[in-house]
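Examination of the molecular architecture
Residue-level listing of the chains:
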Amino acid sequence: MACVMDGNGRWATRRSLPRSSGHSAAEATVIEVIEAARRSGIEWLSLFAFSTENWRRPREEVASLMLLVRRVVRKHAPLLHARGVRCRFLGVTDSRVPAPLARDFADLTTLTGANRGMTLTVAFDHGGRRDIVEAARSLLRAGVPPEAVDERTFAAHLPFPDTPDVDLVIRTSGEQRVSNFMLWQVAYAELVFPPVLWPDFRAAHFVECLHTYRQRDRRFGGVAPHANGAT
């Protein structure tokens, strides 16, 4: 499953605080959601932290966010490792990502690489379209003939090709879009849009979203067996 962590800025604005305060308040939610996912038996969790489009935000906000993410990674690395969480970072290719932060990402990836309790993928400097373009370039560089390209072959050239298709996307704050997030993997995902802003999102909300997902009738373009041919 995957979460688009939306609403930090609005959370801060409603309290007459700088937007950076909303990002700081989101830290508790991130840890609580990771724990809630673990307790619920989720084996793969992806969190959308920073998109390729987010570089357009005010320079001061971006700089503050980079410092915050570094502090959060260093603070919670021991806990994530102790919980058996394998951490990976999807993206992190732009030269504007500070080198110390990129090293912290790499260190956490190495530290937790052998863990098998749950795989946590943090999408940072990520764009779904960019991943698809890079996969196409990889196929061309590998000299794969066009007639040999199918969905399975293409997916093998995406970043982290072992990542399964996403079953559920939760986007907080009530906004209803995927915003260029893991476009290949969310092709048949169920979408849930709770109105609560990310800093206020808690384990109970997470469990409620899981309950909503479990009530869905997933047909993947087909029809339910009891539908008697109805479309």
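Above: the structure in question.
Let me begin by describing the structure that accompanies this report. Remember, predicted model here, so these are calculated numbers, not experimental data.

Procedures and definitions
- Residues numbered from 1 in each chain as written.
- Predicted model: local features only at pLDDT ≥ 70, side-chain atom pairs only at ≥ 80, totals over all residues.
- Heavy atoms only, no water.
- Helix = DSSP H or I, 4+ residues; strand = E, 2+ residues; numbered from the N terminus.
- Rg over C-alpha atoms; globule rule 2.2 N^0.38 Å.
- Buried < 20%, exposed > 50% of the residue type's maximum accessible area, 1.4 Å probe, protein only.
- Contact = heavy atoms within 4.5 Å.
- Areas by Shrake-Rupley, 256 points an atom, 1.4 Å probe, with all protein chains shown as cover.
- Lys, Arg positive; Asp, Glu negative; His and termini not counted.
- Charge placed at Lys NZ, Arg CZ, Asp CG, Glu CD.
- Pairing = 2+ DSSP bridges.
- Axes fitted to C-alpha atoms, helices over the stretch in contact; angles between N-to-C directions.
- Parallel < 35°, antiparallel > 145°, perpendicular 65-115°, else oblique.
- Left-handed = near helix turned anticlockwise from the far one by under 90°.
- Nonpolar A, V, L, I, M, F, W, Y, C, P; charged D, E, K, R; others polar.
- Core = buried A, V, L, I, M, F, W, Y, C linked by side-chain atoms within 4.5 Å.
- Salt bridge = Lys/Arg side-chain N within 4 Å of Asp/Glu carboxyl O.

Turning our attention to the overall build of the protein chain. A count of helices and strands for the protein chain gives 7 helices and 6 strands. Ordering the α and β elements of the protein chain from the N terminus gives β-α-α-β-α-β-α-β-α-α-β-β-α. Since a compact globule built from 231 residues should have a radius of gyration of about 17 Å, the 19 Å found for the protein chain is in line with a globular shape. Each principal axis of the C-alpha distribution contributes one length, and for the protein chain these read about 55 × 45 × 35 Å. Here the protein chain, with 231 residues, has 44% of them falling under the buried criterion. For the protein chain, the share of sequence-separated contacts (at least 6 apart) that also reach a separation of at least 24 residues comes to 74%. Total accessible area on the protein chain stands at roughly 12300 Å², and carbon and sulfur atoms take up 53% of it. Here the protein chain carries 31 positive and 25 negative side-chain charges, and the mean point of each set is 5 Å from the other.

So, on to the pairing of strand 5 (residues 168–171). Alternating residues of strand 5 divide into Leu168 and Ile170 and Val169 and Arg171, and every residue in both groups is buried. Pairing of strand 1 (residues 2–4) with strand 5 involves 3 bridges; the strand directions are parallel. Within strand 5, the residue paired with Ala2 across the bridge is Val169.

Contact geometry for helix 3 (residues 59–82) and helix 4 (residues 99–111): axes closest at 10 Å, N-to-C directions at 15°. Taken together, the axis directions place helix 3 and helix 4 in an arrangement best described as roughly parallel. Considering only the axes of helix 3 and helix 4, their crossing is left-handed. Contacts between helix 3 and helix 4 involve Met66, Val69, Arg70, Val73, Arg74, Ala77, Leu80 and His81 from the former and Pro100, Leu101, Asp104, Phe105, Leu108 and Leu111 from the latter. Of the residues belonging to the contact of helix 3 with helix 4, the class tally is 10 nonpolar, 1 polar and 3 charged.

Turning our attention to unusual backbone geometry. For Ser16, which is not glycine, the phi dihedral falls at a positive 55°. Even without being a glycine, Ser179 presents a positive backbone phi close to 55°.

For the rest of this paragraph, the subject is the packing of helix 2 (residues 19–39) against helix 3. Put simply, helix 2 and helix 3 touch, their axes get as near as 10 Å, and they point 25° apart. Judged by the angle between their axes, helix 2 and helix 3 are roughly parallel. The interaxial crossing formed by helix 2 with helix 3 has right-handed handedness. Of helix 3, the residues touching helix 2 (which contributes Arg19, Ser20, His23, Ser24, Glu27, Ile31 and Ile34) are Glu61, Ser64, Leu65, Leu68, Arg71, Val72, Lys75, His76, Leu79 and Leu80.

Turning our attention to the sheet that holds strand 2 (residues 44–51). Sheet strands pair by backbone hydrogen bonding; their relative direction is either parallel or antiparallel. Ordered in space as 3-4-2-1-5-6, the 6 strands form an open sheet in which the pairing is parallel. Edge positions in the sheet fall to strand 3 (85–91) and strand 6 (190–192), since each has one partner strand and no second. Direction aside, neighbouring strands of the sheet carry axes that sit 20° apart on average. Note: strand 3 against strand 4 (residues 118–126), 7 bridges, orientation parallel. Its bridge partner being in strand 4, Leu90 is matched across the sheet by Ala123. Packing of helix 5 (residues 128–141) onto the sheet brings it into contact with strand 3 and strand 4, and relative to strand 4 it is tilted by some 95°.

Among the nonpolar cores identified, the biggest contains 45 residues, and Met1, Leu45 and Phe206 are the most heavily contacted of them. Where this core is concerned, the elements lending two or more residues are helix 2, strand 2, helix 3, strand 3, helix 4, strand 4, strand 5 and helix 7 (203–214). Considering every element that reaches this core, the biggest residue donor is helix 3, with 9 residues. Setting aside residues up to four positions removed in sequence, Phe206 forms contacts with Met1, Val33, Ala36, Ala37, Ser40, Ile42, Ile170 and Phe201.

On to the pattern of salt bridges. This model, assessed by the stated rule, comprises 22 salt bridges. For Glu190, the salt bridge goes to Arg218, with nearest N and O atoms at 3.8 Å. Residue Glu190 is found in strand 6, and its partner Arg218 is found in the segment after helix 7; the two are separated by 28 residues along the sequence. Overall, the relative accessible area of 17% leaves Glu190 in the buried class. Overlapping salt bridges bring together Asp6, Arg10, Arg171, Glu175 and Arg177 as one network.

In short, geometric facts, not functional conclusions.
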